[in-house]
Amino acid sequence: MSALFSDPPIGFTASPLDRASNLRREEGWLTARRAAPESRFLPLTDLKAQIRLGGQRPDIGWISAAEAAPLLPGHDAVFLGLENDVAHFAFDAGQAAPATGCKFIDVRTIAPQLPDGHAAILAQARSLVDWHARHGFCAVCGHKTELREAGYARYCSNGACKAQHFPRTDPVVIMLVEREGRLLLGRQERFPAGMFSALAGFMEPGETIEEAVRREVLEEASIVVGSVRYMASQPWPFPSSLMIGCVGEALSEAVKIDPKELESARWFERHEVEAMLRDSEDMAAPLRIGAPIALAHQLAKRWLAGA
Ligand SMILES: [Zn+2]
């Protein structure tokens, strides 16, 4: 068990930033920090993040307030948080060219290469910037909305409406299903050859996590699940999911897939799961599980370790 916790954090988790949510309504403080020379800004274009290349490893391509200023008109910066009291922001830079030594790169692609915890900053930035881009108009009355609370709300500009809108997080259950030391894994048609993963699905309004796990497994594989326990979670910013990783205990054995959801699903022995984890990044392996950045990989690893 102890070895697990010295491993790198789960992808898109362990941000070094203090979100400092208590400061988001302090307009004077925010204005000062938006202009402060030490503040750092992350530009995104088409939701790709600016990444600085050429160092020992790629890292977030932060720029200063002065460098961000010409790119900001018409774009609002959202406050990400503080590190050593330095404010960090992100914004949609439209079609701006990258800064010298930098490139705009897809967040999923670059995440595994960044220093520990830095992908979590990209997850926060990508989800927020995407939400603002999609919510320029009030869902209640159709009038324009305005960014507020440092980027964690949009208020309707129509005085007769004044609706407040908040960034969404979409919960997804993702579950290992176990029975007598084996795991149920499935694959979708779109997966690369040989890849299996944990079953997963969006939670629905009015549903508990346990109910969502049982419903999804029954729908996709016709397996009845009894007890469900939580294991770990992961933000998945494409655009704004929260993966809730669980283990469910199967009460039935015969797998019957829903072909609309899965191409196949079956029980895997423990030694198979070990091999699939080991081969997770070997595209030629006959059987493998998703890459380490995927929560399914981390759940299977923890399950093998007895978690
Ligand atoms: Zn409105």
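Residues numbered from 1 in each chain as written. Predicted model: local features only at pLDDT ≥ 70, side-chain atom pairs only at ≥ 80, totals over all residues. Heavy atoms only, no water.

*Asks:* Hey, could you go over helix 6 (residues 270–278) for me, with residue numbers and the actual values?
*Replies:* Those residues of helix 6 that fall on the buried side of the exposure criterion are E272, V273, M276 and L277. The arc enclosing the buried residues of helix 6, seen along the axis, measures out at 135°, which places them on a common side. Facing away from the buried side of helix 6 by more than 90 degrees, the exposed set consists of H271 and R278. Looking at the buried residues of helix 6, the elements they touch are strand 12 (182–187), strand 13 (195–196), strand 17 (264–268), strand 18 (288–289) and helix 7 (295–304). (Buried < 20%, exposed > 50% of the residue type's maximum accessible area, 1.4 Å probe, protein only. Helix = DSSP H or I, 4+ residues; strand = E, 2+ residues; numbered from the N terminus. Arc of directions from axis to C-beta. Contact = heavy atoms within 4.5 Å.)

*Asks:* Summarise the pairing of strand 9 (residues 153–156); cite the residues concerned and give the values.
*Replies:* With burial as the criterion, each face of strand 9 is covered, one bearing A153 and Y155 and the other bearing R154 and C156. Examined bridge by bridge, strand 8 (residues 145–148) and strand 9 share four bridges and lie antiparallel to one another. Residue pairing across strands places E146 opposite Y155, the latter belonging to strand 9. The antiparallel hairpin formed by strand 8 and strand 9 contains four residues in its connecting segment, where E149 sits at a positive phi of about 50°. Pairing between strand 9 and strand 10 (residues 164–165): two bridges, direction antiparallel. Looking at the pairing, Y155 lines up with Q164 of strand 10. (Pairing = 2+ DSSP bridges.)

*Asks:* Lay out unusual backbone geometry with the relevant residues and their values.
*Replies:* Of note, the bond from F238 into P239 is cis; its omega dihedral lies within 30 degrees of zero at 5°. Relative to the elements of secondary structure, P239 occurs in the loop between strand 15 (225–236) and strand 16 (241–250). Residue F12 is not a glycine yet carries a positive backbone phi of 70°. Within the secondary structure, F12 sits in the segment before helix 1 (27–35). Exposure remark for F12: the relative accessible area of 3% places this residue in the buried category.

*Asks:* Summarise a nonpolar patch on the surface; cite the residues concerned and give the values.
*Replies:* Together, L218, V224 and L251 make up an exposed nonpolar region whose accessible area comes to about 260 Å². By secondary structure assignment, the location of L218 is in helix 5 (residues 209–221). Using a relative accessible area of 46% as the deciding quantity, one classes L218 as partly exposed. (Patch = residues over 30% accessible without salt bridge, like charges linked within 9 Å, V, L, I, M, F, W, Y side chains within 5 Å. Areas by Shrake-Rupley, 256 points an atom, 1.4 Å probe, with all protein chains shown as cover. Salt bridge = Lys/Arg side-chain N within 4 Å of Asp/Glu carboxyl O.)

*Asks:* Residue-level account of the pattern of salt bridges, with values.
*Replies:* Inspection of every chain in the model, using the stated rule, returns 16 salt bridges. With its nearest N and O atoms 2.7 Å apart, the salt bridge here joins E253 to R179. Residue E253 is found in the loop between strand 16 and strand 17, and its partner R179 is found in strand 11 (residues 170–179); the two are separated by 74 residues along the sequence. Take E253: its relative accessible area is 33%, and that puts it in the partly exposed class. We note a salt bridge from R215 to E219, for which the minimum N-O separation is 3.4 Å. One end of the pair, R215, and the other, E219, are both in helix 5, four residues apart, so they sit about a helical turn from each other.

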